[in-house]
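# Structure at a glance
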Amino acid sequence: MIGKVLRKAREEQDLTLEEVSLATKIKEKYLAAIEAENWEALPSSVQQKGFTRSYADFLKVDPDPLLQELRKVLEEPEEEGSQPPLTSTADSSGSGLLGEIGSVLKAQREKLGFTIPNVEEQIYIPVRYLKAIEKGSLEELPSTVQGKGMVKNYAQFLGLDPEPLLLSYADVLQSRLEKTRPETSRGQSRSQLLIWLKRFFSNPALLWVGVVILISFVSVWAGLLMLGGNGSTLEETATIPAVADILLPTTSPSATVPPTENPSGEIGVAISPTLEEESQESTPTPVLTGNEKIQLQLNILQRTWVRVTVDNILAFEGRLIPGSVKIFGGELRIEVLTGNAGGVEVIYNQQNLGVMGLYGEVISRVYTPQGVATPTPTITLTPTPSDTPTPSITPTPTTQPE
């Protein structure tokens, strides 16, 4: 009967045992035992009644009929001389019920002929606390936990069943707690909110919605980066200019000389000088790291043509104008060929070697970690002309007389 009523109320509210356990702080196995009316699975009769009351209060079911039926199931028929039953005439503060607990203990003590000092000698509870229990004065006890233990020891000493008294004592504490904490309804609403949140986040559809939203957000963010992020990144990224870029003059177009008036009527041609191209090749100048075995710097003093080969790889080839600076680094060898040796100044491994030669002189030099060398020209064999054969004499025919 008790379990069926509670289970029906729970199912009508569409609640699970796990959700009820989360709200009432009662273990799920105890709730299942109450619904199955397996009272032996609960530790004590006090917990049987207390859990049943809390379960009923949470489901908004009147707990009094359920507790009366539970007492009939659990309690044996009373024998003569047992404590009188506690009535439910307690006031809203619980002091009336606590006074009835004290009246039951006092009546049993007087029936057995004990005085309060006799009880103190046996169970070592001070007289003032025994009097406070019999008067129902909860405020005079040291604490609620100690008061519960005193009531239990006092009842056991007098031969009474302490369980009904402890249950009534718990009801007193609960009533006082509800009076001092008017926000109990707020706690129940919080429990309902926890249950709703648990159901909401355990819904698998919510997980899929979250995944779709996350994928959409990442896609939009990536699209914005691809469309508008690259240009801004290139514009905002600062690069360190090379030494050659600093020293070389800019190839800005020169101003065109305006044509002068020609009184003779001839057409004047405006000639605008243009700067010579720095290089015919688009080979970038390497940047030294400081770890190269060969470090070579070419300072261009006059217009010249230069070809530089680094470790058997063509690094630069083209015409250079005065003021140009080229820096190269290698590991094995650097070969420099120029058509105007007087216009190229060489700094080899931080040592100024001066110009490579005279003005207009064609020179090729090889720079290695061991030093500077002049490349040996390859000897080509010139074929020896063969002797010209002597022309043979063609015989002249003679005429014979007839």
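Please read these numbers as outputs of a predicted model, since none were measured by experiment.

## Notes on the overall build of the protein
For the protein, the count of helices and strands is 13 helices and nine strands. A burial count over the protein gives 31% of its 402 residues as buried. A separation of at least 24 residues holds for 59% of the contacts in the protein among residues at least 6 apart in sequence.

## Some details on the sheet that holds strand S1 (residues 294-300)
Spatial strand order, S4-S1-S6-S7: four strands in an open sheet with antiparallel pairing. The two strands at the open ends of the sheet, each matched to only one other strand, are strand S4 (325-330) and strand S7 (351-355). Taken pair by pair, the neighbouring strands of this sheet meet at an average axis angle of 20 degrees, ignoring direction.

## Remarks on the sheet that holds strand S2 (residues 304-310)
Two pairing modes exist for strands in a sheet, parallel and antiparallel, and in both the strands are linked by backbone hydrogen bonds. What the five strands build is an open sheet, ordered S3-S2-S5-S8-S9; its pairing is antiparallel. Each having just a single partner strand, strand S3 (313-320) and strand S9 (371-373) make up the two edges of the open sheet. Along the sheet, successive strands turn relative to each other by an average axial angle of 15 degrees, direction set aside. Relative to strand S8 (residues 363-368), strand S5 (residues 334-338) runs antiparallel, the two sharing five bridges. Bridge assignment links glutamate 335 to a residue of S8, and that residue is valine 366.

## A word on helix H8 (residues 127-135)
Among the residues making up H8, those that are buried are Tyr129, Leu130, Ala132, Ile133 and Glu134. Glycine 136 sits one or two residues past H8 and shows a positive phi near 75 degrees.

## Topic: the pattern of salt bridges
Tallying each qualifying case throughout the model produces five salt bridges. A salt bridge links arginine 7 to glutamate 35; the shortest N-O distance between them is 3.5 Å. Here arginine 7, found in helix H1 (residues 2-12), pairs with glutamate 35, found in helix H3 (residues 28-35); they are 28 residues apart in sequence, far enough to count as distant. Glutamate 134 is the partner of arginine 109 in a salt bridge, and the nearest nitrogen-oxygen pair spans 2.8 Å.

## Overview of the packing of H1 against helix H5 (residues 63-74)
Two elements in contact, H1 and H5, have axes separated by 10 Å at closest approach and are oriented at 150 degrees. Compared by their axis directions, H1 and H5 come out roughly antiparallel. Contact residues: Ile2, Val5 and Leu6 in H1; Leu66, Glu69 and Leu70 in H5. Looking at the contact of H1 with H5 residue by residue, the class counts come to five nonpolar, no polar and one charged.

## Let's talk about the nonpolar core
With 25 residues, the main nonpolar core has Leu105, Leu141 and Tyr154 as its most contacted residues. Among the nonpolar cores identified, the runner-up in size contains 24 residues, and Ile26, Tyr55, Phe58 and Ile195 belong to it.

## Focus on H5
Relative to the 16 Å expected for 12 residues at 1.5 Å per residue, H5 spans 16 Å between its end C-alpha atoms, a close match to the ideal helical length. Buried residues of H5: Pro63, Leu66, Leu67 and Leu70, and no others. Projected down its long axis, H5 shows its buried positions confined to an angular sector of 95 degrees, all on one face. Among the residues of H5, the N-terminal cap falls to aspartate 62, whose side-chain oxygen and the backbone nitrogen of aspartate 64 are separated by 3.4 Å.

## Notes on the packing of aromatic side chains
The full count for this structure, using the stated rule, is three aromatic pairs. Note on tyrosine 30 and phenylalanine 51: the rings are 5.6 Å apart at their centroids and 25 degrees apart in plane angle, and the pair reads as stacked. Residue tyrosine 30 is located in helix H3, and its partner phenylalanine 51 is located in helix H4 (residues 45-58); the two are separated by 21 residues in the primary sequence. With a relative accessible area of 14%, tyrosine 30 lands in the buried category. Aromatic pair phenylalanine 114 and phenylalanine 157: ring centres 5.3 Å apart, planes at 50 degrees, arrangement tilted. With phenylalanine 114 in the loop between helix H6 (95-112) and helix H7 (116-123) and phenylalanine 157 in helix H9 (residues 144-157), the pair connects residues that are 43 residues apart, well separated along the chain. Assessed through its relative accessible area of 29%, phenylalanine 114 is described here as partly exposed. Over the ring of tyrosine 129 we find arginine 128, and its NZ or CZ is 4.6 Å from the ring centre.

## Remarks on unusual backbone geometry
Even without glycine at this site, glutamate 37 takes up a positive phi of about 55 degrees. Mapped onto the secondary structure, glutamate 37 falls in the loop between H3 and H4. The residue asparagine 312 is not glycine, and still its phi comes out positive at about 65 degrees. Structurally, the position occupied by asparagine 312 is in the loop between S2 and S3.

## Re a nonpolar patch on the surface
Where nonpolar side chains cluster on the molecular surface, the patch consists of Leu214, Phe217, Val218, Trp221 and Leu225 and spans about 550 Å² of accessible area. The topology assignment puts leucine 214 in helix H12 (residues 204-236). Using a relative accessible area of 54% as the deciding quantity, one classes leucine 214 as exposed.

## Re the confidence of the model for the protein
Mean pLDDT over the protein works out to 75, with 67% of the residues at or above the 70 mark. Note on residues 76-82: pLDDT under 50 across the span, and four contacts to partners over four residues away in sequence or across chains. Confidence over residues 250-283 falls short of pLDDT 50; this stretch has 26 contacts with residues more than four positions distant or in other chains.

## Structural notes on the pairing of strand S6 (residues 344-348)
Counting buried positions along S6 gives four out of five residues, so the element sits mostly inside the fold. Sheet topology places S6 next to S7; four bridges connect them, and they run antiparallel. Along S7, the bridge assignment pairs valine 346 with glycine 354.

Parameters and conventions
Residues numbered from 1 in each chain as written. Predicted model: local features only at pLDDT ≥ 70, side-chain atom pairs only at ≥ 80, totals over all residues. Heavy atoms only, no water. Helix = DSSP H or I, 4+ residues; strand = E, 2+ residues; numbered from the N terminus. Buried < 20%, exposed > 50% of the residue type's maximum accessible area, 1.4 Å probe, protein only. Contact = heavy atoms within 4.5 Å. Pairing = 2+ DSSP bridges. Axes fitted to C-alpha atoms, helices over the stretch in contact; angles between N-to-C directions. Salt bridge = Lys/Arg side-chain N within 4 Å of Asp/Glu carboxyl O. Parallel < 35°, antiparallel > 145°, perpendicular 65-115°, else oblique. Nonpolar A, V, L, I, M, F, W, Y, C, P; charged D, E, K, R; others polar. Core = buried A, V, L, I, M, F, W, Y, C linked by side-chain atoms within 4.5 Å. Expected span 1.5 Å × (residues − 1). Arc of directions from axis to C-beta. Polar contact = N/O pair within 3.5 Å; in protein donor to acceptor, adjacent residues only side chain to side chain. Phe/Tyr/Trp six-rings, centres within 6.5 Å; stacked < 30°, edge-to-face > 60°. Lys NZ or Arg CZ within 6 Å of the ring centre and 35° of its normal. Patch = residues over 30% accessible without salt bridge, like charges linked within 9 Å, V, L, I, M, F, W, Y side chains within 5 Å. Areas by Shrake-Rupley, 256 points an atom, 1.4 Å probe, with all protein chains shown as cover. pLDDT = per-residue confidence, 0-100.

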